[in-house]
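# Breakdown of the fold
This is what each chain is made of:
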Amino acid sequence: MLILNDKIKALVVEPYKEPYEVLLDNSLKSRQKIVGGLIEYCYLLDDDSVALICNDEGKIFGLPFNREIGYDVICGNFIIVGDNGLGEDLSLTDEQINKYKERFGKKSIRKTEIVIEKLFNKKNRER
């Protein structure tokens, strides 16, 4: 039996803003409210101790580009939570909060802009 905590510490990352810490109700509804629709879990290539929760239809609905994560660009708001590998979301540790505030901070915004510019330039050259 899975026992969920009522609230968990998480980070919210919005387009062109620095990540901020929230105390999130540990429910589907609270996740959907932050991302603005159906949720999708994504994972970072270099850390399986966290999950990234985003809008499953972010690109389809044309949500604004947010951050590149190595193999994709997330559109719209996303949430970072701890992950135990068993389908349970956990509170982020203070170390994880600091790490991901840094990773998705101002430098990440500029890096994402560069990736998007390259993608659009490539598509324009192919036309």
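As a reminder, the structure under discussion sits directly above these lines.
This report concerns the structure included in the present document.

What counts as what
Residues numbered from 1 in each chain as written. Predicted model: local features only at pLDDT ≥ 70, side-chain atom pairs only at ≥ 80, totals over all residues. Heavy atoms only, no water. Helix = DSSP H or I, 4+ residues; strand = E, 2+ residues; numbered from the N terminus. Rg over C-alpha atoms; globule rule 2.2 N^0.38 Å. Buried < 20%, exposed > 50% of the residue type's maximum accessible area, 1.4 Å probe, protein only. Contact = heavy atoms within 4.5 Å. Areas by Shrake-Rupley, 256 points an atom, 1.4 Å probe, with all protein chains shown as cover. Lys, Arg positive; Asp, Glu negative; His and termini not counted. Charge placed at Lys NZ, Arg CZ, Asp CG, Glu CD. Core = buried A, V, L, I, M, F, W, Y, C linked by side-chain atoms within 4.5 Å. Pairing = 2+ DSSP bridges. Arc of directions from axis to C-beta. Polar contact = N/O pair within 3.5 Å; in protein donor to acceptor, adjacent residues only side chain to side chain.

Moving on to the overall build of the protein. For the protein, the count of helices and strands is 3 helices and 8 strands. Going from N to C terminus, the protein has its helices and strands arranged as β-β-α-β-β-β-β-β-β-α-α. Here the protein has a C-alpha radius of gyration of 15 Å; the compact-globule value for 127 residues is 14 Å, and the two agree. Taking the principal axes of the C-alpha coordinates as reference, the protein spans close to 55 × 30 × 25 Å. Relative to its full complement of 127 residues, the protein shows a buried share of 39%. Across the protein, every contact between residues at least 6 apart in sequence was considered, and the portion connecting residues at least 24 apart equals 55%. Put simply, the protein shows about 7,800 Å² of open surface, and 54% of that area lies on carbon and sulfur atoms. Taken together, the 20 basic and 22 acidic charged side chains of the protein have centroids lying 7 Å from each other.

Grouped together as the largest cluster of nonpolar side chains are 15 residues, with contacts concentrated most on Leu44, Leu52, Ile74, Phe78, Ile80, Tyr100 and Phe104. Those elements giving two or more residues to this core turn out to be strand S1 (7-13), strand S3 (39-44), strand S4 (47-55), strand S7 (78-83) and helix H2 (94-103). In this structure Tyr100 touches Leu11, Pro19, Leu44, Asp47, Val50 and Ile80, once residues within four positions along its chain are discounted. Residues Val12, Leu24, Val35 and Ile79 belong to the second largest nonpolar core, which totals 10 residues.

Turning our attention to the pairing of strand S2 (residues 20-25). Pairing of S1 with S2, which is carried by 6 bridges, proceeds in the antiparallel orientation. Opposite Lys9, over in S2, you have Leu23 as the bridge partner. Taken together, S1 and the strand that follows it, S2, pair antiparallel across an intervening segment of 6 residues, in which Tyr16 is found at a positive phi of about 60°.

Let us look at helix H1 (residues 28-35). Given 3.6 residues to a turn, an α-helix orients residues that are three or four positions apart in the same direction. Considered for burial, the residues of H1 that qualify are Ser30, Arg31 and Val35. The buried residues of H1 occupy one face: seen down the axis, they fall within an arc of 125°. In H1, the exposed residues that point more than 90 degrees away from the buried face are Lys29 and Lys33. Buried residues along H1 sit in contact with S1, S2, S3, S4, S7 and strand S8 (89-90).

This brings us to unusual backbone geometry. Residues other than glycine seldom take positive phi values, yet Tyr16 does so here, at roughly 60°. Along the polypeptide, Tyr16 turns up in the loop between S1 and S2.

Its location among the elements puts Arg67 in strand S5 (residues 65-68). Here the alpha-carbon distance between Arg67 and Gly105, two residues 38 residues apart in the chain, equals 9.8 Å. Polar contacts involving the side chain of Arg67 include one to the main-chain carbonyl oxygen of Lys17, which spans 2.5 Å. Side-chain polar atoms of Arg67 contact the backbone oxygen of Phe104, separated by 2.7 Å.

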